[in-house]
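Working through the structure, step by step
What follows is each chain in one-letter form.
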Amino acid sequence: MRAEIANPNPESTVIAVIGLGYVGLPVACEFARAGFCVIGLDIKADRVAKIAAGINPIEGNEPGLAELLTEVITSQRLRVITDYSILTEADVVLINVETPVDDQYLPQYHAMRAACRSLGSVLKSGALVIVESTVAPGTTLNVVRPILEEISGYTCKYDGQIENQNQESATFYLGACPERVMPGRLLNNLRNLSRVCGGSSGTVAEAMCKLYRHIIPQADIDPTDILTAELVKTTENAYRDVQIAFANEVALICEAMGGDVWKVREFVNKSPGRNMLLPGAGVGGHCIPKDPWLLIAPIHDQSARIESNHQPNIYLIPAARTVNESMPAHVAEMTINAINKYDAQSANRNPQYKIGILGFSYLEDSDDTRHSPSETLVTLLQRQQIEVAIHDPFVEEYKGDIYERMASCDAVVLMVKHSVYRTIDLKILIQTLRKPILVDGRGFFDRTHAQKVGFVFRGIGQ
Ligand code: SAJ
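The structure reproduced in this document is the subject of the present report. (Residues numbered from 1 in each chain as written. Predicted model: local features only at pLDDT ≥ 70, side-chain atom pairs only at ≥ 80, totals over all residues. Heavy atoms only, no water.)

Here we come to the site of the ligand. Of all residues adjacent to the ligand, which total 18 residues, the nearest are Asn237, Arg240, Leu278, Gly284 and Tyr362. One of the backbone N or O atoms of glycine 284 is found 2.9 Å from an oxygen atom in the ligand. For the ligand, whose unbound accessible area comes to 740 Å², protein coverage reaches 85%. The site holding the ligand turns out to be the second largest pocket. Of the residues in the shell around the ligand, the class split is 10 nonpolar, three polar and five charged. (Near = heavy atom within 4 Å. Polar contact = N/O pair within 3.5 Å; in protein donor to acceptor, adjacent residues only side chain to side chain. Areas by Shrake-Rupley, 256 points an atom, 1.4 Å probe, with all protein chains shown as cover. 1 Å grid on protein atoms, 1.4 Å probe; cavity = no way out; pocket = protein on both sides within 12 Å on 5 of 7 lines; lining within 4 Å. Sits in = over half its atoms within 2 Å of the grid points. Nonpolar A, V, L, I, M, F, W, Y, C, P; charged D, E, K, R; others polar.)

Roughly 750 Å³ of internal volume is contained in the second largest pocket. What lines the second largest pocket is a set of 30 residues, and nearest its centre among them are Arg240, Ile244, Ile288, Tyr362 and Leu363. Of the residues forming the lining of the second largest pocket, the biggest block, six residues, is contributed by helix α9 (residues 226-257). In the lining of the second largest pocket, the residues fall into 14 nonpolar, eight polar and eight charged. (Points joined across faces, edges and corners; volume = space filled by probe spheres on them. Helix = DSSP H or I, 4+ residues; strand = E, 2+ residues; numbered from the N terminus.)

Time to look at unusual backbone geometry. Even without a glycine there, the phi angle at tyrosine 105 is positive, about 65°. Among the secondary structure elements, tyrosine 105 is positioned in the loop between β4 (92-95) and α5 (110-120). A positive phi angle is found at histidine 371, which is not glycine, with a value near 50°. With respect to the secondary-structure elements, histidine 371 resides in the loop between β10 (354-358) and α14 (373-383). For histidine 371, a relative accessible area of 40% puts it in the partly exposed group. (Buried < 20%, exposed > 50% of the residue type's maximum accessible area, 1.4 Å probe, protein only.)

To find leftover empty space, one rolls a probe the size of a water molecule over the atoms. Across all of its chains, the model carries three cavities of 30 Å³ or more by this definition. Every residue lining the largest cavity is listed: Val131, Ser133, Thr134, Val135, Ala176, Cys177, Pro178, Glu230, Lys233 and Thr234. In terms of residue count, the dominant contributor to the lining of the largest cavity is α9 (three residues). Grouping the amino acids of the lining of the largest cavity by side-chain chemistry returns five nonpolar, three polar and two charged.

Our focus in this paragraph is the sheet that holds strand β11 (residues 387-391). Strands sit in the order β11-β10-β12-β13-β14 across an open sheet of five strands; the sheet is parallel. Since the sheet does not close on itself, it has two edges, and those belong to β11 and β14 (456-459), each with one partner. For this sheet, the mean angle separating the axes of adjacent strands, direction not counted, is 20°. Of the strand pairs in this sheet, β10 and strand β12 (residues 411-414) are connected by four bridges, and their pairing is parallel. (Pairing = 2+ DSSP bridges. Axes fitted to C-alpha atoms, helices over the stretch in contact; angles between N-to-C directions.)

So, on to helix α2 (residues 24-33). Of all 10 residues making up α2, nine are buried, and the element is well covered by its neighbours. When α2 is considered as a whole, its buried residues turn out to be Gly24, Leu25, Pro26, Val27, Ala28, Cys29, Glu30, Phe31 and Ala32.

Okay, the packing of α2 against helix α4 (residues 65-74) next. To characterise two packed helices, one gives the angle between the axes of the helices and the distance between these axes. Orientation of α2 relative to α4, taken along the N-to-C sense of each, is 55°, at an axis distance of 10 Å. Here α2 lies oblique to α4, going by the angle between them. By crossing handedness, the relation of α2 to α4 is classed as left-handed. Residues Leu25, Pro26, Cys29, Glu30, Ala32 and Arg33 of α2 form the contact with α4, whose participating residues are Leu65, Leu68, Leu69, Glu71 and Val72. Of the residues assigned to the contact of α2 with α4, the class counts are eight nonpolar, no polar and three charged. (Parallel < 35°, antiparallel > 145°, perpendicular 65-115°, else oblique. Left-handed = near helix turned anticlockwise from the far one by under 90°. Contact = heavy atoms within 4.5 Å.)

Written out as structure tokens, the structure reads:
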């Protein structure tokens, strides 16, 4: 292993980052800030042009990123391109391309395969390739490695492989180091969260730890093998998804029994070793809904199957996904039932319902709408010819005065607990509505107060 790989240093180690999205761009900037010569590559020419001009293409509030990008572009520590040819200079290549799942929840590696084919044709002998994208366990060794070997003609030696003694061909090294970034905290998470460095050999894992120590000053950087690194990332998010599904199922039980899940949760969590998460109107975002499917894909998906002599029956992780994905429909049903019940007791049954939705992003105080439960709710309501009015303080098309947005609705549904909603005066809100119905998807409002103001109140778990 060449010195610039075994002991990565700004003076002699050239780093390339493939994929300049919300993971790749910050990590390219951080290694450039640490003094490395970094080549950033993305196939989207407009994105590359923006970055080359020092303009941050990432939406939303990312503290420090715009300034850092300007600094590293000005100092020319970071060069951005669309053409793979100069990656021949790279000693270390980080792959950060998208790894979505399809509507059968099977991983789609089109972008990953394309990146590996392009990289393979220019890969420098002895280079270290690190997959940072979240992939199904087994993908780095069973999908990435074969493509790189085939296209480059090099061999990737990895622990556990039967040594082929007469191996003359050049080699490259392989690693997996899943990212743990979050929208709104990209640089903070990158610098301060621990990382797991899975290497194709122990030496490679050690080299990876030395590399990441240049941008992660304090947090743990743990060497391990590639499969473990892939399992850790998908497991940590599947774990959270199952925890949330448990809270949601207890909420459904409380509703059926007339209990209050928020009281139940408060007292359960006083018991040692309990930490029941928050029930809610659904689970959105770019990772929690996807990673559980990546974790179990090798069990379900022939193409990603790891050679293993038995295929266990997997129940809990898919069932948790089903529970969480059902929550927006549960909120829709709760809301429509409340309106129908209210109408049954009053003469003015209007033909066209209009439902107001507070919050469209997937997470409080974020503008990220990926896999938003609100989007699912809107689709469900519109399919039933129900008009929807949406407010969200962070999503461009839904900004504006809350009361105006909710005017003349038959019900208001809180889907996201944006901080600004703490300022809502229920006495004013009730005046603007056609019917005094409030549905709380996040345990956000005080039910007693809402009922005192005159609302018909419904809530998840209440
Ligand atoms: N949610 C609940 N109940 C909860 C927690 C979350 O319904 O108790 C919902 C949220 O409303 C949201 C979705 O789940 O719609 C995801 O929320 P999240 O808090 O998990 O936020 P994410 O999706 O940004 O998850 C990220 C992940 N971090 C990385 O992938 C690096 C996750 O591993 C972290 O655990 C999580 O942030 C975190 O702890 O903040």
